[in-house]
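Geometric and topological summary
This is what each chain is made of:
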Amino acid sequence: MLTIRDAADGRVIGATRYVPAPPDAVEIGWTFLARSHWRRGYNREAKRLMIDHALGQVAAVRFSAGADNHRSRRAIEALGATPLPPAMVERDGQMVPRVLYELRRA
């Protein structure tokens with residue numbers, strides 16, 4: 001788990017994490033950001049730092065968003081990630097649709 005802090009005052013404004021995604025990839029996600037910091041570049045900056053670090057270690061970075069979570073999907077697409085085939089994952093005993101994306105090392 002990584003903490004996201006506002007550089008101006010050091011306050012914790014969110015968190016995110018890496019999750020192993022074999023083969024030779026990691027998923028970046030489960031990101032939460034204080035609503036006061038939405039649409040101000042914090043999410044993009046955190047993700048860009050994480051992507052740059054991860055692609056020095058693994059071949060691909062993956063992202064997952066709920067099929068109905070259009071805000072997260074737009075943010076992932078803005079990073080340049082390409083869509084993968086959709087998937088169904090179990091959450092709280094029910095199968096829910098997820099939209100998957102990937103960035104590969106150049």
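The paragraphs below set out a description of the structure included in this document. Nothing here was measured: the structure is a model prediction, and the numbers come from that model. (Residues numbered from 1 in each chain as written. Predicted model: local features only at pLDDT ≥ 70, side-chain atom pairs only at ≥ 80, totals over all residues. Heavy atoms only, no water.)

**Re the overall build of the chain**
Counting secondary structure elements, the chain contains two helices and seven strands. Counted from the first residue to the last, the chain has its helices and strands arranged as β-β-β-α-β-α-β-β-β. The C-alpha radius of gyration of the chain comes to 14 Å, within 12% of the 13 Å expected for a compact globule of 106 residues. For the chain, the spread of C-alpha atoms along the principal axes amounts to about 40 × 30 × 25 Å. Taking the intrachain contacts of the chain between residues at least 6 apart in sequence as the baseline, contacts between residues at least 24 apart amount to 47%. Carbon and sulfur atoms make up 54% of the accessible area of the chain, which totals about 7,000 Å². Averaged over its 17 positive side-chain charges, the chain has a centre that lies 4 Å from the centre of its 11 negative ones. (Helix = DSSP H or I, 4+ residues; strand = E, 2+ residues; numbered from the N terminus. Rg over C-alpha atoms; globule rule 2.2 N^0.38 Å. Contact = heavy atoms within 4.5 Å. Areas by Shrake-Rupley, 256 points an atom, 1.4 Å probe, with all protein chains shown as cover. Lys, Arg positive; Asp, Glu negative; His and termini not counted. Charge placed at Lys NZ, Arg CZ, Asp CG, Glu CD.)

**Digging into the environment of R105**
You can see R105 is positioned in the segment after β7 (94-104). With relative accessibility at 44%, the residue R105 sits in the partly exposed group. What R105 contacts, discounting residues up to four positions off in sequence, is L55, Q57, V58 and A59. A polar side-chain atom of R105 sits 2.9 Å from the main-chain carbonyl oxygen of L55. (Buried < 20%, exposed > 50% of the residue type's maximum accessible area, 1.4 Å probe, protein only. Polar contact = N/O pair within 3.5 Å; in protein donor to acceptor, adjacent residues only side chain to side chain.)

**Some thoughts on unusual backbone geometry**
Of note, the bond from P22 into P23 is cis; its omega dihedral lies within 30 degrees of zero at -5°. With respect to the helices and strands, the residue P23 is situated in the loop between β2 (12-20) and β3 (25-33). Phi is positive for W30, close to 55°, though the residue is something other than glycine. Mapping W30 onto the fold places it in strand β3. The backbone of R39 shows a phi angle near 60°, a positive value even though the residue is not glycine. Topologically, R39 is positioned in the loop between β3 and α1 (42-54).

**Some remarks on the side chain of H37**
On the secondary structure map, H37 appears in the loop between β3 and α1. On the accessibility criterion, H37 (2% relative accessible area) is buried. Within the structure, H37 has its side chain in polar contact with the side chain of D6 (distance 3.0 Å). In this structure the side chain of H37 is engaged in a polar contact, spanning 2.8 Å, whose partner is the side chain of S36. When neighbours within four sequence positions are excluded, H37 is seen to be in contact with D6, R11, I13 and Y42.

Interpretation in functional terms is not warranted from these geometric data alone.
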